[in-house]
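Residue-level structural notes
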Protein chains: 2
Amino acid sequence: MRLAIDAMGTDKGPMTIIKGVKKFLEQDGADSTVIVVGDEVQLNKGLKEFGLSGNGRVEVVHASQVVEMDDKIGALREKKDSSIAKTVSLIKEGKADGFVALGNTMAAVASARLGLGHLKGIHRAGIAVPMPSKCGACVTIDMGANINVKPKHLYTYGVMASAYSELVLGVENPKVGLLNVGEEEVKGNDVVKEAFGLLKDAPINFIGNVEGGDIFTGTCDVVVCDGFVGNVVLKASEGVARQFSGILKSEIKKNFFRKLGAWLSKGAFEGLKKHSNYDQYGGAPLLGVDGVCIIGHGRSNSRAVMNALRVAGESISKGLNKHISDTIGSVAEELREVAVK
Amino acid sequence: MRLAIDAMGTDKGPMTIIKGVKKFLEQDGADSTVIVVGDEVQLNKGLKEFGLSGNGRVEVVHASQVVEMDDKIGALREKKDSSIAKTVSLIKEGKADGFVALGNTMAAVASARLGLGHLKGIHRAGIAVPMPSKCGACVTIDMGANINVKPKHLYTYGVMASAYSELVLGVENPKVGLLNVGEEEVKGNDVVKEAFGLLKDAPINFIGNVEGGDIFTGTCDVVVCDGFVGNVVLKASEGVARQFSGILKSEIKKNFFRKLGAWLSKGAFEGLKKHSNYDQYGGAPLLGVDGVCIIGHGRSNSRAVMNALRVAGESISKGLNKHISDTIGSVAEELREVAVK
């Protein structure tokens, strides 16, 4: 596999990216190569430091600019030589098969859309975040790529995320739920109601409407929603988890016995952390663009970087996009009818 | 204060309600009276058991039917003599000043709307849930009363919940945020963008757009959103919290040292539970109906029942609805202009 990664613009700096690349190459059995994109002085220095220079598996492509985490979307136009733009170009030019971007999510989404276009039959690419659920990961799509969507977009989200869950996360016949305010078919706004009707006939294992809590209970493997709801739910969930552990920490610090107790039971806290750790999934695929794109968190550590590269590689080797195109192609006519309505 | 409470249809049965009524009367300094509505045989037996018979402060009103937790909304039409319908009638007939309903939320909302109507200038009543935040409670409105809303409805949500936060929860000059996918004014769907413009000029302390995580961080005291988003966020947040404590419990049970540790630090867990406890707020007001209505959880314990009655009493004594009407009245003309657009 030939992968590319934007090495700039994250909280932890390019050295963490290079460390992650090293970890990835060490565990990779497919003789993959990685192009790291960004400031060549820093990156070459890093490769040397991590013993990756001249091994024929890592290459540096220079980019003189960086779209920072808090840059607005307009920065893409102003920074023509940004590392994210350069990374996407590598896919476009056929020099890499898939890429990983960490940092400014919306810049990655916009670059991928504009640079790669959409798969045939897909009109909206969606960010699919694997959320930690009771039975592994619940792939929740869309986490904010599109605020205004039509029923047919929710339909394609379901098809794409089901394919990701099955091919890349290894879930057999993934259960797909539509996020709503109740289980009955008549619930929800007009968009969701119409999407229910479409998903019912989709070539996936659609289990009907699910509620907010079902993301975490293991009720389903995929949850479909629009990008407004998905973004709010993702951030609220992170907020609750942070609040929960913050309060627990400050309560534990209140006296000696509590501290001693927490020390004795620290394995339990580590177990909890492992359960709710996003690192193992590496990042969220942007599903629907004509190319493989994995978007990671701007605070990703090297393990998350390694796993983001791993899932990018698996998305390519398992033929994820071909599977999506074939599935959508097989139902395209019905979807076209819907679109005309 | 003359309060009414629907004593039927909860998970824990009418005895928990009566226990809560007793607790409320014991701490109430305002010589309030409470009408408990439901099956008179069970309720009279309960009042006797708790020593509340014949004290002149509790009265039973009989209702032969119950809208159960999992009944559909149509049950309201079929069960004309339901305890929730009877409870609302007491307000309508002027026999009580406010009421508490626990159990089937949508039945309570529909009964209150149909039975009491809306305050002048309000077209959508919203459920305002006090969510446990870093700095107390963040009143999040609407948690599911209305799925399809217009910008003017979000505007009135902000005004109403700000009044509740200030008058009943005692927050000085509450900070009101609009739930969105980013802080910038240009973010979000059309409804939210237009609501931003309205809220900017509202006679409240509007701080702009907030994100999902801000509900819990103490950034603001009120968060405004539509009922679809609110419902999903509420249930997702409950799901995360349940998942978090479930994993921690099972991790602790894995060996002796962890169990011992957890026992030593159990004060910390109790502290955490207290922080994230909804009981202290008793329930969520349905803001915008012409009467005071507090909706509690179907799993409420007697402490939650006591607090629901307490906040119902405070909403009345602090003149919450008059305050809302006056504020909305003062801006009615601008709102009318918006509504015509």
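Now for a quick tour of the structure.

Conventions adopted
Within each chain, residue numbers correspond to sequence positions counted from 1 in written order. Numbering of ligands from 1 and lettering of chains from A proceed in the order in which they are written. Confidence filtering applies because this is a predicted model: local features only for residues at pLDDT of at least 70, side-chain atom pairs given and counted only at 80 or more, and all residues used for totals across whole chains, interfaces and linings. Hydrogens and waters are ignored; side-chain quantities use all the structure's heavy atoms. Every angle, taken between N-to-C directions, lies between 0 and 180 degrees, and every axis is a line fitted to C-alpha atoms, over only the stretch in contact when it is a helix. Numbering goes from the N terminus for both helices and strands, where a helix is a DSSP run of H or I of at least four residues and a strand is a run of E of at least two. Each helix crossing is assigned a hand: it is left-handed if the near helix lies turned anticlockwise from the far helix by less than a right angle, otherwise right-handed if that turn is clockwise. Contacts: residue pairs with any heavy atoms within 4.5 Å of one another. In this count, Pro and Cys sit with the nonpolar residues alongside Ala, Val, Leu, Ile, Met, Phe, Trp and Tyr, while Asp, Glu, Lys and Arg are called charged and the others, Gly among them, polar. The pairing criterion is simple: DSSP has to find at least two bridges between the two strands. What counts as a salt bridge is simple: a side-chain nitrogen of Lys or Arg found within 4 Å of a carboxyl oxygen of Asp or Glu. Relative accessibility under 20% of the residue-type maximum defines a buried residue, over 50% an exposed one, and the middle range a partly exposed one, all with a 1.4 Å probe and only protein chains included. Summed over both partners, the accessible area lost on bringing two parts together, with a 1.4 Å probe, is the buried area. Two N or O atoms count as a polar contact when they lie within 3.5 Å, although within protein this holds only if one can serve as hydrogen donor and the other as acceptor, and sequence-adjacent residues are included solely when both atoms are side-chain atoms. Nonpolar core, defined: a set of buried Ala, Val, Leu, Ile, Met, Phe, Trp, Tyr and Cys residues in which side-chain atoms within 4.5 Å join the residues together.

This part covers the packing of helix α4 (residues 83-92) of chain A against helix α5 (residues 105-116) of chain A. Residues and elements named next belong to chain A. At a minimum axis separation of 9 Å, α4 and α5 run at an interaxial angle of 35°. Crossing angle aside, the handedness with which α4 passes α5 is right-handed. Taken together, the residues of α5 that come into contact with α4 (itself represented by I84, V88, I91 and K92) are A107, A108, S111, A112, G115 and L116. Here the contact of α4 with α5 is composed, by residue class, of seven nonpolar, two polar and one charged.

Residues and elements named next belong to chain B. Taking strand neighbours across the sheet as the criterion, the eleven strands line up as β3-β2-β1-β4-β11-β10-β5-β6-β9-β7-β8 in an open arrangement whose pairing is mixed. Either end of the sheet is taken by a strand with one partner, and the two such strands are β3 (58-62) and β8 (205-210). Each strand axis lies, on average, 25° off the axis of its neighbour in the sheet, ignoring direction. Alignment of strand β4 (residues 98-102) against strand β11 (residues 292-296), held across five bridges, turns out to be parallel. Residue pairing for β11: V100 is matched across the bridge by I294.

Taken as a whole and judged by the stated rule, the model has 20 salt bridges over all chains. The partner of E184(B) in a salt bridge is K72(A), and the shortest N-O contact between them spans 3.2 Å. A residue pair is termed interchain when its members come from two chains, as with E184(B) in the loop between β7 (175-179) and α7 (190-200) and K72(A) in the loop between β3 (58-62) and α3 (75-78). In this structure, the salt-bridge partner of K200(B) is E185(B), at a minimum N-O distance of 3.1 Å. Here K200(B) is found in helix α7, whereas its partner E185(B) is found in the loop between β7 and α7, with 15 residues between them in sequence. Judged by its relative accessible area of 47%, K200(B) falls in the partly exposed class. Classification of E185(B) as partly exposed rests on a relative accessible area of 39%.

If you look at the interface, chain B gives 49 residues, while chain A gives 49 residues. Surface buried jointly by chain B and chain A totals about 4400 Å² across both partners, of which 74% is contributed by carbon and sulfur atoms. Summed over the shared surface of chain B and chain A, the result is four salt bridges. Linking chain B with chain A are six residue pairs in polar contact (both at pLDDT 80 or more), by the criterion used here. At the level of elements, β5 (126-133), α9 (227-252), α10 (256-264) and α11 (266-275) of chain B are the ones that each hand at least two residues to the side of chain B that touches chain A. Ranked by the residues each element gives to the side of chain B that touches chain A, the list is headed by α9(B), at 19 residues. Across the side of chain B that touches chain A, the residue classes tally to 24 nonpolar, 18 polar and seven charged.

Time to look at the side chain of S162(A). Residue and element names in this part refer to chain A. With respect to the secondary-structure elements, S162 resides in helix α6 (residues 151-167). According to the relative accessible area criterion, S162 is buried, its value standing at 5%. With sequence-adjacent residues up to four places away left out, S162 is seen in contact with P174, V176, I204 and V222.

Further remarks concern the nonpolar core. Core analysis: the largest hydrophobic core is formed by 214 residues, its most contacted members being I5(A), F99(A), I5(B) and F99(B). Leave out the neighbours within four places in its chain, and F99(B) touches A4(B), I84(B), T87(B), V88(B), I91(B), A112(B), L116(B), V292(B), C293(B) and I294(B). Judged by nonpolar contacts, the second largest core, of twelve residues, contains I247(A), I252(A), A262(B) and L272(B).

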